[in-house]
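# What the coordinates show
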Amino acid sequence: MSRKRKADSGEVLKIGNKTISLEGYLTKKPKTTTPSTSTSDNNTPAPTSKNDSSITTNSKEFKPSRPLTGDPSLFPTRRTLPLYLYQDRIRSILSKKDVLVLVGETGSGKSTQVPQFLYQERWCQRRRVKVKTKVVDKDGNEIMEEGGKPKTREETVNVGGVIAITQPRRVAATTLAGRVAKECGTPLDTSGNGGRGYKGRGPKGKDVKGPKGGKDGEEWDEEKDVVEEMGKNGGDDEEVIEANGNEKKDKKEQEKGLVGYSVRFDHRVPPGTKIKYVTEGMLLQELLRDPHLRQYSAIIVDEIHERSVDVDLLSGFLKQIVTGDKAGRGGIPLKVVVMSATAQVERIKKFFSSDDSLKNGTSGEEVEYLQIEGRQFPVEVIHEPKPVPDIQEALIKTVFKIHTQEPLSDKHGKKDILCFLTGQEEIEAAQRLIEEFAETLDPKVPKVKVFPLFGQLSMEAQHEAFQPIKHPFTRKIVLATNIAETSVTVPGVRYVVDCGKAKVKQYRPRLGMESLLAKPISKSSAIQRTGRAGREGPGKCFRLYTAETFSTLQKTDLPEILRTDVLGAILTMKARGIDDVLAFPLMDRPEIEAVENALVHLHVLGALDDEGRITEMGRKMVMFPVTAPYARVLLAAADQKYDCLLEAIDIISCITAGDDIFMQVRSEEDKESVDVYRKELQRREGDLITYLNTMQRFVSTPSSDRATFCKQRRINVRNMRQALNIRKQLRSLSVKTKMLEDAPPPDSEVTYQPVSPETAERILKAFLRGFAMKTAVLAPDSSYVTAHGKHVVAIHPSSSMHGVKREAIMFLEHVYTQKNYAKKVSAIQAGWIAEALAC
DNA sequence: GAGCACTGC
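Residues numbered from 1 in each chain as written. Chains lettered and ligands numbered in written order. Predicted model: local features only at pLDDT ≥ 70, side-chain atom pairs only at ≥ 80, totals over all residues. Heavy atoms only, no water.

## Quick notes on the overall build of chain A
Cut-off, in case you're wondering: For the purposes of this entry, the term helix denotes a DSSP run of H or I that reaches at least four residues, the term strand denotes a run of E that reaches at least two, and both are numbered from the N terminus. Burial here depends on accessible area, computed with a 1.4 Å probe over protein chains only, as a share of the maximum for the residue type. Under 20% is buried, over 50% is exposed, and the range in between is partly exposed. Any pair of residues with heavy atoms lying within 4.5 Å of one another is described as a contacting pair. Computed with a 1.4 Å probe, the accessible areas rest on the Shrake-Rupley method; for each residue, only the protein chains presented here act as cover.
A tally of helices and strands in chain A yields 27 helices and 30 strands. Taken across its 839 residues, chain A has 54% of its residues classed as buried. For chain A, the share of sequence-separated contacts (at least 6 apart) that also reach a separation of at least 24 residues comes to 73%. Summed over all atoms, the accessible surface of chain A reaches about 37,500 Å², with 50% contributed by carbon and sulfur.

Pasting the structure below:
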């Protein structure tokens with residue numbers, strides 16, 4: 001559940017530990033400038049003169065054909081957004097064409113303004129149309145008529161009326177929705193903070209008279225934050241509220257509103273919603289119910305350049321809808337606006353063009369392109385003259401060169417330094433070196449204060465890096481991982497130091513494992529890092545590599561679909577009716593070997609039959625928001641043979657709640673006391689049963705003691721809260737899919753009892769149904785050798801099984817970093833492996 | 001003895 005707080009510094013919004021930049025509307029900015037020449041090497045084609053013809057560059061003279069609507073107090077700032085000038089052009093393009101590619105740099109206002117320009121367009125109104133629907137049986141299989149044609153029936157449905165805007169991250173979707181709702185004059189009530197929300201139905205549930213008409217009539221969703229506000233502001237004694245607590249139901253009438261959002265665990269779609277911000281995954285999920293996206297007149301795909309697996313899949317489905325037969329939508333086209341911060345225009349244009357137009361050489365005719373200038377200050381880029389032998393040394397030199405030669409502030413504000421490094425280890429080493437060196441400085445030189453910033457840091461520690469520094473005569477130096485490249489914005493930064501590398505996870509299909517190694521970044525990533533220096537005023541970017549090295553960098557990062565196991569992507573396609581996954585349109589195709597491996601793996605898991613069609617089990621698996629192997633575990637656990645569904649849910653909730661719920665202990669003295677508490681939770685069966693024990697102990701702890709429980713064991717409160725949300729969702733889905741007969745009793749009625757060794761054995765065997773491939777047996781030389789591939793694998797130090805020798809192990813993760821590591825490890829018997837593979 | 005970043009009715 002996102003928590004919203006307005007930041008005290010001007011141009012950012014803080015949500016929990018995240019800072020979202022909203023520059024451009026919160027304050028008036030100086031005249032639009034483009035980045036300096038060195039940063040414009042991103043292969044961005046210049047906008048064509050045709051595109052610019054209707055645009056006056058002076059906003060004072062520009063009178064759009066339609067006045068702004070919504071809250072008038074926000075008009076002045078909206079008028080200063082670069083995008084304001086383009087509204088007629090955007091409307092005119094979309095009245096003629098179905099696809100628009102919009103390239104706009106940070107701060108152009110595209111994410112907030114484009115939907116507002118469009119929702120009143122004629123094509124955006126809801127229409128009643130007749131469609132032919134294929135008749136399916138209860139398993140979703142088509143029913144055939146004699147003659148082999150699918151049986152159809154005609155029905156009248158509503159099509160269109162809503163615009164969806166997809167976002168890669170939940171925080172972005174909810175904050176943008178809040179902002180746009182305010183601009184529209186129908187603010188979203190977010191005060192309840194997850195306490196209540198509109199069920200994600202929106203106009204569709206209300207107006208569509210489908211076969212499921214009034215069945216899902218519940219309007220309110222009890223998505224009570226289970227550990228509400230636990231650990232907020234770093235406080236220790238906050239009230240912790242019991243799950244399923246009997247707080248009074250909010251009877252407040254639903255307010256109508258133009259804007260809503262729908263993200264996992266949090267839906268606010270007021271009646272009358274025309275603009276809906278959703279996560280990419282959420283829209284993919286909607287596609288499962290409604291393959292034609294009938295609710296929508298337009299889909300705006302934002303931040304497509306981030307190229308998540310979800311956005312790639314979504315693009316494929318959208319291409320099919322846009323270029324395919326529109327009978328499912330009663331002939332009404334779906335408009336698609338693809339928005340990107342970096343231009344890969346030709347590829348995207350080509351991708352969304354129909355195959356016919358590609359064949360007869362009119363490629364891109366149906367797709368229009370528009371580029372909006374950004375709001376960046378110029379950033380001077382300084383490369384190293386020759387390659388640096390030692391990155392830490394080069395970093396220190398550069399940081400202190402900046403610190404001693406550049407002013408502490410100017411008329412735009414503070415001039416702080418942001419360094420991009422690869423990981424925690426490097427950051428901590430650099431912090432020590434900088435602090436040591438700072439000691440030796442002349443007292444006349446300003447002081448420095450160093451802040452590390454990486455994902456594993458506690459919320460409070462991350463928060464510190466965003467605060468303006470209190471001491472006068474001191475410069476802030478933030479040492480960050482890639483987290484500062486896209487996820488958060490550090491205010492006050494005017495100098496960027498870029499080491500040119502980042503750690504990337506990459507899946508190796510042949511080995512069935514992934515690696516996490518530091519690799520050179522891409523040009524577009526380097527440009528993104530550079531841009532971080534020019535958000536508040538002119539800046540400088542020091543690259544710790546040569547211009548020659550920069551020129552050798554890959555143009556863009558490898559999209560996620562080429563870096564991860566495509567198991568989930570393939571199952572997603574299969575469940576949405578894609579029979580030939582190799583023919584599915586994708587901007588980048590995974591290697592055939594990766595696809596084949598995934599198909600085999602899905603077959604082993606029982607999600608696909610011998611013909612490669614999705615099975616009933618596969619259909620059940622996609623209902624659960626977990627990866628296919630975990631979904632398989634849940635199905636096994638629901639089986640009488642294993643009968644441990646609630647236990648499996650507890651474990652999977654802990655594991656899939658982001659990073660480990662057990663935080664690393666940093667100081668030595670804390671370690672001792674934390675270890676004592678943690679040892680109590682640990683079980684000799686290994687990590688999985690330890691997670692189960694932890695969850696069971698946690699939920700049986702009285703609400704008021706839960707914060708202490710977490711603190712003593714250094715349990716990450718954010719992740720624990722997420723785990724409880726997931727647990728609740730998986731439980732409710734289990735009831736819905738009839739895997740559980742009744743809703744489980746509330747935690748307050750369950751007393752803690754450690755699981756018996758017999759139950760633990762059943763649980764581990766259920767997990768083996770999803771992870772039989774991820775097992776290893778102890779070799780005579782006392783190393784563990786994997787059953788699949790015969791690789792030597794070491795137990796990761798974060799595991800409770802580290803240093804323990806047992807006859808065989810099962811592990812849920814397999815990562816190569818310094819070594820070949822097994823994580824989330826459990827002790828099993830060697831005989832169980834064959835048993836699991838046999839059935 | 002070690003941990004880039006996101007995310008899913």
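Next comes the rest of the write-up.
## Thoughts on the pairing of strand E29 (residues 808-816)
Sheet faces and side chains relate simply in a regular strand, where the side chains alternate between the two faces. Which entries qualify depends on this criterion: Two strands make a pair as long as DSSP finds a minimum of two bridges between them.
E29 sits mainly inside the fold: 7 of its 9 residues count as buried. Here strand E24 (residues 513-520) pairs with E29 via 2 bridges, running parallel. Across the sheet, Glu514 pairs through a bridge with Val815, a residue of E29. The sheet contact formed by strand E26 (residues 775-778) and E29 spans 3 bridges and is antiparallel. Bridging across to E29, Val777 finds its partner in Ala808. Sheet topology note: the E29/strand E30 (residues 820-828) ladder contains 8 bridges and is antiparallel. From the neighbouring strand, Ile809 faces E30, where its bridge partner is Ala827. In this antiparallel pair of consecutive strands, E29 and E30, the connection spans 3 residues.

## Describing the pattern of salt bridges
The criterion, for reference: Should a side-chain nitrogen of Lys or Arg be within 4 Å of a carboxyl oxygen of Asp or Glu, the pair is scored as a salt bridge.
One pass over the full model with this rule turns up 31 salt bridges. Its salt-bridge partner being Arg613, residue Asp609 comes within 3.2 Å of it at the nearest N-O pair. A salt bridge links Arg727 to Asp650; its shortest N-O distance comes to 2.7 Å. In this pair, Arg727 sits in helix H25 (residues 717-736) while Asp650 sits in helix H21 (residues 645-655), placing the two residues 77 residues apart along the sequence. Assessed through its relative accessible area of 6%, Arg727 is described here as buried. Residue Asp650 is classed as buried on the basis of its relative accessible area, which comes to 4%.

## Observations regarding the sheet that holds strand E16 (residues 379-384)
This is how it is decided: Note on geometry: axes are C-alpha line fits, over the in-contact stretch for helices, and angles between N-to-C directions span 0 to 180 degrees.
In spatial order, the strands read E16-E25-E22-E19-E21-E20; together these 6 strands make up an open sheet with parallel pairing. Because the sheet does not close on itself, it has two edges, and the strands there are E16 and strand E20 (447-453). Each strand axis lies, on average, 20° off the axis of its neighbour in the sheet, ignoring direction. Looking at chain direction, strand E22 (residues 493-498) and strand E25 (residues 539-546) are connected through 4 bridges and run parallel.

## Brief notes about the packing of aromatic side chains
Selection criterion: Any pair of Phe, Tyr and Trp rings, taking the six-membered ring for Trp, is counted once the centres come within 6.5 Å. Such a pair is stacked with planes under 30 degrees apart, edge-to-face with planes over 60 apart, and tilted for the rest. Charge-over-ring contacts are defined here by two conditions on Lys NZ or Arg CZ: a distance within 6 Å of the ring centre and an angle within 35 degrees of the ring normal.
Tallying each qualifying case throughout the model produces 6 aromatic pairs. For the pair Phe317 and Phe584, a centre-to-centre distance of 4.8 Å together with 55° between the ring planes defines the contact as tilted. A residue pair is termed long-range when its members are at least 10 positions apart, and Phe317 in helix H8 (residues 309-323) and Phe584 in the loop between helix H17 (567-575) and helix H18 (592-605) qualify at 267 residues. Among the residues examined, Phe317 registers a relative accessible area of 6% and is labelled buried. Consider the rings of Phe400 and Phe437, whose centres lie 4.5 Å apart with planes at 50°: the pair is tilted. One end of the pair, Phe400, is in helix H11 (residues 391-405); the other, Phe437, is in helix H12 (residues 424-439), and 37 residues separate them in sequence. The class for Phe400 is buried, based on a relative accessible area of 5%. On the accessibility criterion, Phe437 (37% relative accessible area) is partly exposed. When the ring centre of Phe351 is taken as reference, the NZ or CZ atom of Lys319 above it lies at 5.3 Å. For Arg713, the ring lying beneath its charged end belongs to Phe709, and the centroid distance is 4.0 Å.

## So, the sheet that holds strand E15 (residues 367-372)
Read across the sheet, 8 strands follow the order E11-E10-E12-E7-E13-E14-E4-E15 without closing on themselves; strand pairing throughout is mixed. Looking at which strands have only one partner, the edges of the open sheet turn out to be strand E11 (266-268) and E15. With direction set aside, neighbouring strand axes in the sheet form an average angle of 20°. Bridging between strand E10 (residues 259-263) and strand E12 (residues 275-279) involves 4 bridges; their strand directions are parallel. Bridge pairing links Val259 to Ile275 in E12. The sheet contacts of H8 involve strand E4 (99-104), strand E7 (162-167), strand E13 (296-301) and strand E14 (335-340), and relative to E13 the element is tilted by about 145°. Helix H9 (residues 345-352) contacts E4, E14 and E15 of the sheet and is inclined by roughly 155° relative to E15.

## With respect to the confidence of the model for chain A
To keep it simple, the criterion reads: Per-residue confidence from the predictor is reported as pLDDT, which spans 0 to 100.
The predicted model of chain A has a mean per-residue pLDDT of 82, with 84% of residues at 70 or higher. Overall, residues 1-57 carries pLDDT values under 50, and its contacts beyond four positions in sequence, including any with other chains, amount to 144 contacts. Contacts from residues 191-253, a stretch scored under 50 in pLDDT, to residues over four places away or in other chains number 122 contacts.

## As for the nonpolar core
Test applied: The definition of a nonpolar core used throughout is a set of buried Ala, Val, Leu, Ile, Met, Phe, Trp, Tyr and Cys residues joined through side-chain atoms within 4.5 Å.
With 115 residues, the main nonpolar core has Leu293, Ile299, Leu313, Leu318, Phe352, Leu634 and Phe767 as its most contacted residues. Apart from residues lying up to four places away in sequence, Leu318 is in contact with Leu293, Ile299, Val301, Leu334, Val336 and Phe352. Phe62, Phe75, Tyr84 and Ile300 belong to the second-largest nonpolar core, a separate cluster that totals 39 residues.

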